[in-house]
Amino acid sequence: MRKATLISLAFFLGICLWTLPSSCGSANASGNGDSELTLLMRKMEKHMQTVRKKVEKGNAKIDVPDWNEIYTAPSSKSEMDTITFKSFAYALLKSAENLENASQEEQPKVYKALVDVCMTCHTAMCPGPKVRIKKLYLPN
Ligand code: HEC
């Protein structure tokens, strides 16, 4: 199944990158000088918080805004402009699409798969925000 393939691809890449030194811009409290990618990430995080509530309540149509900017938004580190980053980005956009198309019963599972993509890319490239991303998971 396509979704499963994407997730395992992202997971595989995550393992490959496990040993590389990972670095990315740290949160800047003043909000000045943050990269465009950082600003997009904050928007995604915020949106995911509202999606999480909808999925928890159930019975709602999920919309995910266009996050295509993820491919082009400059990051604080030039090494983000890699095929690896782009593969994770692709997995993210596909998972977001899957969530929009998911049936009511599928939503919790597909939502979790989307958060997993956030986590996988972050494990590989930018572990700092994982503490924040973890909060997006639904309670068990
Ligand atoms: C393709 C890889 C990738 C994916 C997928 C990804 N991120 Fe990120 N994220 C990054 C990178 C790289 C940065 C650091 C940006 C920089 O330093 O310019 C970042 C930064 C962040 C930050 C820190 C922002 C700040 O205030 O400093 C948060 C929060 C975040 N991401 C949340 C998420 C969430 C939620 C998702 C899933 C919806 C997600 N990310 C998916 C790569 C990714």
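Before reading further, recall that the structure is shown in the block above.
### A few points about the overall build of the protein chain
Alright, step 1. Each helix and strand counted, the protein chain has 5 helices and 0 strands in total.
Alright, step 2. What you see in the protein chain, going N to C, is helices and strands ordered as α-α-α-α-α.
Alright, step 3. Within the protein chain, counting contacts between residues at least 6 apart in sequence, those at least 24 apart form 73% of the total.

### A short note on the packing of helix α3 (residues 83-101) against helix α4 (residues 107-125)
Pairs of packed helices are described in terms of their axes, by the angle between the two and the distance that separates them.
Alright, step 1. α4 packs onto α3 with a crossing angle of 165° between their chain directions and a minimal axis gap of 8 Å. Accordingly, the angle class assigned to the pair α3 and α4 is roughly antiparallel. Crossing geometry of α3 relative to α4 is assigned as left-handed. Along the contact surface, α3 presents Thr84, Phe85, Phe88, Ala91, Leu92, Ser95, Ala96, Asn98 and Leu99, while α4 presents Val110, Tyr111, Ala113, Leu114, Val117, Thr120, Cys121, Ala124 and Met125.

### Overview of the nonpolar core
Alright, step 1. Phe88, Leu92, Tyr111, Leu114, Val117 and Cys121 are the most contacted members of the largest nonpolar core, which has 26 residues in total.
Alright, step 2. Contributing elements (two or more residues each) for this core: α2 (36-57), α3 and α4.
Alright, step 3. Element by element, the count of residues in this core is highest for α4, at 10 residues.

What counts and what doesn't
Residues numbered from 1 in each chain as written. Predicted model: local features only at pLDDT ≥ 70, side-chain atom pairs only at ≥ 80, totals over all residues. Helix = DSSP H or I, 4+ residues; strand = E, 2+ residues; numbered from the N terminus. Contact = placed C-beta atoms within 7 Å. Axes fitted to C-alpha atoms, helices over the stretch in contact; angles between N-to-C directions. Parallel < 35°, antiparallel > 145°, perpendicular 65-115°, else oblique. Left-handed = near helix turned anticlockwise from the far one by under 90°. Core = buried A, V, L, I, M, F, W, Y, C linked by C-beta atoms within 7 Å. Buried ≥ 20, exposed ≤ 12 C-beta atoms within 10 Å, placed from the backbone.

By themselves, these are just geometric observations and shouldn't be taken as functional.
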